[in-house]
Amino acid sequence: MPETECPPTRRVELFVRASLPTPSCERRTAIEAELEALARTDAVDETDTTVWEKRVPVEDCEERIERDRYNEFAAWAREEGVRLAPFFDTRTCYSLQTGRKREELVMPVMCVAVYEDGDLRQVAPVAGDDGPISVEDCLTDLTAHTETRRPNTRTVSTAD
């Protein structure tokens, strides 16, 4: 079969808490507008927004998007030598449902994940050796690479 080269696809997912105060709502709107602008360029192929809870129990039988994403982000952070804390945190919280204290995973107000060909490539906010990398820093980096989108990283596949 002949081989064809396909440019990598880049998807950016914005995660936001379910309820936000007015300044954070305004920030969310600005970030979503920037993502939409990036989607009109060759920097990003697709954008999604996912709403997540402020905090979720660490030990819970239910599957939760928050916990699944945290685990995915934590594995990526270990490989990249960055930290999710203090943006993601665990705390002992009182549960009104059970009347007991429990450990809960606290999610950041906003988080961005960048995927290339389905593989996680960047998460923000994170803490690195040179300081924190914010959601805005991540978007600025994507904007800077609009015209120089990793030309040497191409996916080679066979044509059917």
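Given the structure is predicted, the values throughout are model-derived calculations rather than measurements.

### Notes on the overall build of the chain
For step 1, the next point in the chain: The secondary structure content of the chain amounts to 3 helices and 11 strands.
For step 2, the next point in the chain: The order of helices and strands in the chain, counted from the N terminus, is β-β-α-β-β-α-β-β-β-β-β-β-α-β.
For step 3, the next point in the chain: Across the 160 residues that make up the chain, the buried fraction comes to 35%.
For step 4, the next point in the chain: For the chain, the accessible area works out to roughly 9,800 Å², and carbon and sulfur atoms hold 47% of it.

### Remarks on the sheet that holds strand β6 (residues 101-106)
For step 1, the next point in the chain: Spatial strand order, β4-β6-β5: 3 strands in an open sheet with antiparallel pairing. The strands lining the two open edges of the sheet, one partner per strand, are β4 (55-57) and β5 (89-94). Taking the axes of each pair of neighbouring strands and ignoring which way they run, one obtains an average angle of 40 degrees across the sheet.
For step 2, the next point in the chain: In the sheet, β5 pairs with β6 via 6 bridges, with the strands oriented antiparallel. Residue pairing for β6: Asp-89 is matched across the bridge by Val-106.

### What about the nonpolar core?
Here is a general trend for soluble globular proteins: nonpolar side chains tend to be buried in one another's company.
For step 1, the next point in the chain: By size, the foremost hydrophobic cluster in this structure holds 18 residues, and its most contacted members are Phe-73, Leu-84 and Val-123.
For step 2, the next point in the chain: When residues of this core are traced back to their parent elements, those giving at least two are α2 (65-80), β7 (110-116) and β8 (119-124).
For step 3, the next point in the chain: The element best represented in this core is α2, accounting for 4 residues.
For step 4, the next point in the chain: Leaving out residues up to four positions away in the same chain, Phe-73 has contacts with Phe-15, Trp-52, Leu-84, Phe-88, Cys-111, Ala-113, Tyr-115, Leu-120 and Val-123.
For step 5, the next point in the chain: Counting 16 residues, the second-largest nonpolar core is a separate cluster that includes Leu-14, Leu-38, Met-110 and Ala-124.

Cut-offs and rules
For every chain, the first residue of its written sequence is number 1, and the numbers climb from 1 along that sequence. Restriction of local features to residues with pLDDT of at least 70 applies here, the model being predicted, together with a cutoff of 80 or more for giving and counting side-chain atom pairs; totals for whole chains, interfaces and linings are based on all residues. For side-chain calculations, the full set of non-hydrogen atoms in the structure is used, while hydrogens and water are omitted. The helix count covers DSSP runs of H or I at least four residues long, the strand count covers runs of E at least two residues long, and both are numbered beginning at the N terminus. Remark: exposure states derive from per-residue accessible area (1.4 Å probe, protein chains only) relative to the maximum for the residue type, with buried under 20%, exposed over 50%, and partly exposed in between. In these tables, accessible area is a Shrake-Rupley quantity obtained with a 1.4 Å probe, and a residue counts as shielded only by the protein chains included in the view. Two strands qualify as a pair provided that DSSP identifies no fewer than 2 bridges between them. Only the stretch in contact is used when fitting a helix axis, every axis being a line fitted to C-alpha atoms; angles between N-to-C directions are given from 0 to 180 degrees. As used here, the term nonpolar core means buried Ala, Val, Leu, Ile, Met, Phe, Trp, Tyr and Cys residues forming a set that is joined through side-chain atoms within 4.5 Å. In what follows, residue pairs with any heavy atoms lying within 4.5 Å of each other are defined as contacts.

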